[in-house]
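Listed here are the chains, written in short residue letters.
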Amino acid sequence: MRRKWFAALLAGALVTAGVTGCGGGDAGSGSGSGGDKITLGFSQVGAESGWRTANTKSIQESAAQQGIDLKFSDAQGKQENQIKAIRSFIAQRVDVIAFSPVVESGWDTVLKEAKDANIPVILTDRAVDSQDTSLYKTFIGSDFVLEGKKAGEWLVKEYQGKNDPVNIVELQGTPGAAPANDRKAGFAEVIKADPKFKVIASQTGQFTRTDGKEVMEAFLKTYPDIDVLYAHNDDMGLGAIEAIEAAGKKPGTDIKIITVDAVKDGMTALSEGKINYIVECSPLLGPQLMDLAKKVKAGEQVPQRVLTEETTFTQEQAKAALPERKY
């Protein structure tokens, strides 16, 4: 009798262990037994643009919808704040860490700390330049080089058959940030084949509308013959439009404008002809991020690179898309 009782007890223990080690099933239960939620620590860059605000909202809403306990930290554009937040997540023993890096470099030490603590890391929106790719499980986001190439391809097509010099000014994103580096590189790669395209000035606008306006004001004072503005995001482009109009010029006509993001304000300016072309960079990464968080927590294999699906917009396409635009 005692032997039968012991066998039953052992079988029950094995079943319980099996449930605990499954890593979670549906969105409501997360990982572990007893309906425990997955805890995701997320460090956001900041709130520098409309794109970033939409990205934050997507992540917060998706976590709530999928039953994931989200611990959110705003780095306010500072790498040291993100490193501090990641170390706090490690100390709290969260299940998964995700973050959108302020800059590309300087992450190996803290990522090694997360790896040593057996906490998987997901990169969102922006990459890091670490040579050790085992320090993170996956990177979900856009192909920023391709975005820059798309901007350059539109420009080449727009001036096809024309031989006069085309003077371009460029508003770069945050120095050292992946989108700033890659959007610049992709654009430069496409236009370099034609010597008529000349980038006469390139300066950071920090991805903000205010800085975009200030830098464009300086460009207009220094360079009287600007033909094209290439802005690494909509917000800088929108700030530049204010400066162009204040200088008595017509944005989209006197100075052609190309931007990246396709947030609602940018799309509105495009529909009005103040911007000529926008390359989309979707901020709605929340659902994909939550799906990946559940998979890596469960120990499932995930692709090391997950691309977001994006397009480009002309004026007419912006008019058609605006009524249904979510951000």
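Structure report, in brief. (Residues numbered from 1 in each chain as written. Predicted model: local features only at pLDDT ≥ 70, side-chain atom pairs only at ≥ 80, totals over all residues. Heavy atoms only, no water.)

Considerations on the packing of aromatic side chains
Stage number 1. In total, this model carries six aromatic pairs according to the counting rule given.
Stage number 2. Look at F187 and Y230: their rings are 4.1 Å apart centre to centre, the planes differ by 20 degrees, and that puts the pair in the stacked class. Within this pair, whereas F187 is found in helix α6 (residues 178–191), its partner Y230 is found in strand β8 (residues 228–231), the two being separated by 43 residues in sequence. (Phe/Tyr/Trp six-rings, centres within 6.5 Å; stacked < 30°, edge-to-face > 60°. Helix = DSSP H or I, 4+ residues; strand = E, 2+ residues; numbered from the N terminus.)

Focus on the packing of helix α8 (residues 234–246) against helix α9 (residues 264–271)
Stage number 1. Two elements in contact, α8 and α9, have axes whose closest approach is 9 Å; the angle formed by their N-to-C orientations is 50 degrees. Of the possible angle classes, the one that applies to α8 and α9 is oblique. Crossing of α8 over α9 shows left-handed handedness. The residues of α9 that touch α8, namely those facing D234, L238 and I241, are D265, G266 and A269. (Axes fitted to C-alpha atoms, helices over the stretch in contact; angles between N-to-C directions. Parallel < 35°, antiparallel > 145°, perpendicular 65-115°, else oblique. Left-handed = near helix turned anticlockwise from the far one by under 90°. Contact = heavy atoms within 4.5 Å.)

What about the pairing of strand β4 (residues 121–124)?
Residues in a regular strand point their side chains to alternate faces of the sheet.
Stage number 1. Residues of β4 alternate between two faces, with V121 and L123 on one and I122 and T124 on the opposite face, all of them buried.
Stage number 2. With helix α4 (residues 108–116) bridging strand β3 (residues 96–99) and its parallel neighbour β4, the resulting β-α-β unit is right-handed.
Stage number 3. Here β4 runs beside strand β5 (residues 138–141); their pairing, made up of three bridges, is parallel. Bridge pairing in β5 places T124 opposite I140. (Buried < 20%, exposed > 50% of the residue type's maximum accessible area, 1.4 Å probe, protein only. Right-handed = clockwise from strand over helix to strand, strands pointing away. Pairing = 2+ DSSP bridges.)

Worth remembering: the numbers are spatial, not functional.
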